[in-house]
Amino acid sequence: SFSAGQNAAAKRSEQPNLSRSGLSISFEMLGDKLRQRLILPQGMQPTGSLPQPSGASCLEVAIHCSGENRSDHHGLKLTGSMPGGRLVYAGKREEGNRVTIVQRDPLLKLRVESDYEFFDNIPVVRRSTLVVNEGSSDVGIEYVSSAMLHNFANVGAADVEKNLRIHFAYNS
């Protein structure tokens, strides 16, 4: 568990890149905010340059709360989430095959924990999100992502359909 002021400068300076079970997940710091760059098989590199992350792009987790304005407008798409765009990186915990990335929203007093669970000998990651209200006011959540994918079309010389296969789980 991380307290808001606990060694904050040291935690923000670390870049929590993950490389396990045949997968590499890379991140970049944008000031004190964490941005996800790529999820690729280990050893694979992007074929071209990646776009620079911005305040609204490459979010590690998207969360939109009631009463918050989006930082961009794309009709019904779930983009530009707030407070997702202003989350501040607070650190990372590792327990066995699970890595938890912790971020905080200083305005609404939310703690957001992103769990990455890796499996032995297969390039698979299970991703989930926990949102904890650490403040005294109620906060309505309009949507929260369980996972975000960025820049996955920037791999290999062939079309993305030939380089990457994504499976979506459907729950009933």
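Residues numbered from 1 in each chain as written. Predicted model: local features only at pLDDT ≥ 70, side-chain atom pairs only at ≥ 80, totals over all residues. Heavy atoms only, no water.

Student: If you had to explain the sheet that holds strand β3 (residues 33-41) to someone new, which residues and values would you point to?
Tutor: Hydrogen bonds between backbone groups are what pair the strands of a sheet, and the pairing can be parallel or antiparallel. Taken in spatial order, the three strands of this open sheet run β1-β2-β3, and their pairing is antiparallel. Of all the strands in the sheet, just β1 (18-20) and β3 have a single pairing partner and so form its edges. Averaged over all adjacent pairs, the angle separating strand axes in this sheet is 15 degrees, with direction ignored. As paired strands, β1 and strand β2 (residues 23-30) are joined by three bridges and run antiparallel to one another. By the bridge assignment for β2, Leu-18 is matched with Ile-25. (Pairing = 2+ DSSP bridges. Helix = DSSP H or I, 4+ residues; strand = E, 2+ residues; numbered from the N terminus. Axes fitted to C-alpha atoms, helices over the stretch in contact; angles between N-to-C directions.)

Student: Please set out the pattern of salt bridges residue by residue, giving values where relevant.
Tutor: As enumerated under the stated definition, the model contains 15 salt bridges in all. Residue Glu-94 pairs with Arg-20 through a salt bridge whose shortest N-O separation is 2.2 Å. Here Glu-94, found in strand β5 (residues 88-95), pairs with Arg-20, found in strand β1; they are 74 residues apart in sequence, far enough to count as distant. Residue Glu-94 is classed as partly exposed on the basis of its relative accessible area, which comes to 45%. Overall, Arg-20 belongs to the partly exposed group, its relative accessible area being 22%. Here Arg-37 and Glu-28 are joined by a salt bridge, their closest N and O atoms 3.1 Å apart. (Salt bridge = Lys/Arg side-chain N within 4 Å of Asp/Glu carboxyl O. Buried < 20%, exposed > 50% of the residue type's maximum accessible area, 1.4 Å probe, protein only.)

Student: So what's going on with the side chain of Glu-60? Residues and values would help.
Tutor: Structurally, Glu-60 can be placed in the loop between β3 and β4 (63-65). Only 2.9 Å separates the side chain of Glu-60 from the side chain of Gln-103, close enough to count as a polar contact. At a separation of 2.8 Å, a polar atom in the side chain of Glu-60 contacts the side chain of Ser-114. In this structure Glu-60 touches Phe-27, Leu-34, Gln-36, Gln-103, Ser-114, Tyr-116, Arg-127 and Met-148, once residues within four positions along its chain are discounted. (Polar contact = N/O pair within 3.5 Å; in protein donor to acceptor, adjacent residues only side chain to side chain. Contact = heavy atoms within 4.5 Å.)

Student: Describe the pairing of strand β6 (residues 98-105), listing the residues and the values that go with them.
Tutor: Taking burial as the measure, the eight residues of β6 include seven buried ones, the bulk of the element. Two elements, β5 and β6, share seven bridges in a ladder whose sense is antiparallel. By the bridge assignment, Lys-92 is partnered in β6 with Ile-101. If you look at the hairpin formed by β5 and β6, you'll find two residues sitting between the two strands, and Gly-96 has a positive phi there, around 60 degrees. As judged from the eight bridges shared by β6 and strand β7 (residues 110-118), these two strands associate in the antiparallel manner. Its bridge partner lying in β7, Arg-104 is registered against Arg-111.

Student: Requested: an account of the packing of aromatic side chains, with residues and values cited.
Tutor: According to the stated counting rule, one finds one aromatic pair in the structure shown. Ring geometry for Phe-27 and Tyr-116: centres 6.3 Å apart, planes at 85 degrees, overall edge-to-face. Of this pair, Phe-27 sits in strand β2 while Tyr-116 is found in strand β7, placing the two residues 89 residues apart along the sequence. Residue classification places Phe-27 among the buried positions, given a relative accessible area of 2%. (Phe/Tyr/Trp six-rings, centres within 6.5 Å; stacked < 30°, edge-to-face > 60°.)

Student: Outline the nonpolar core, supporting the account with residue identities and numerical values.
Tutor: In this structure, Leu-18, Ile-25, Phe-27, Met-29, Leu-34, Tyr-89, Val-99, Ile-101, Tyr-116 and Phe-118 together form the largest nonpolar core, which totals ten residues. Sort the elements by how many residues they give to this core and β2 lands first, with three residues. With near-sequence residues (within four places) excluded, Leu-34 lies in contact with Pro-16, Phe-27, Glu-28, Met-29, Cys-58, Glu-60, Tyr-89, Ile-101 and Gln-103. Core analysis: the second largest hydrophobic core is formed by six residues, Val-61, Ile-63, Leu-87 and Leu-110 among them. (Core = buried A, V, L, I, M, F, W, Y, C linked by side-chain atoms within 4.5 Å.)

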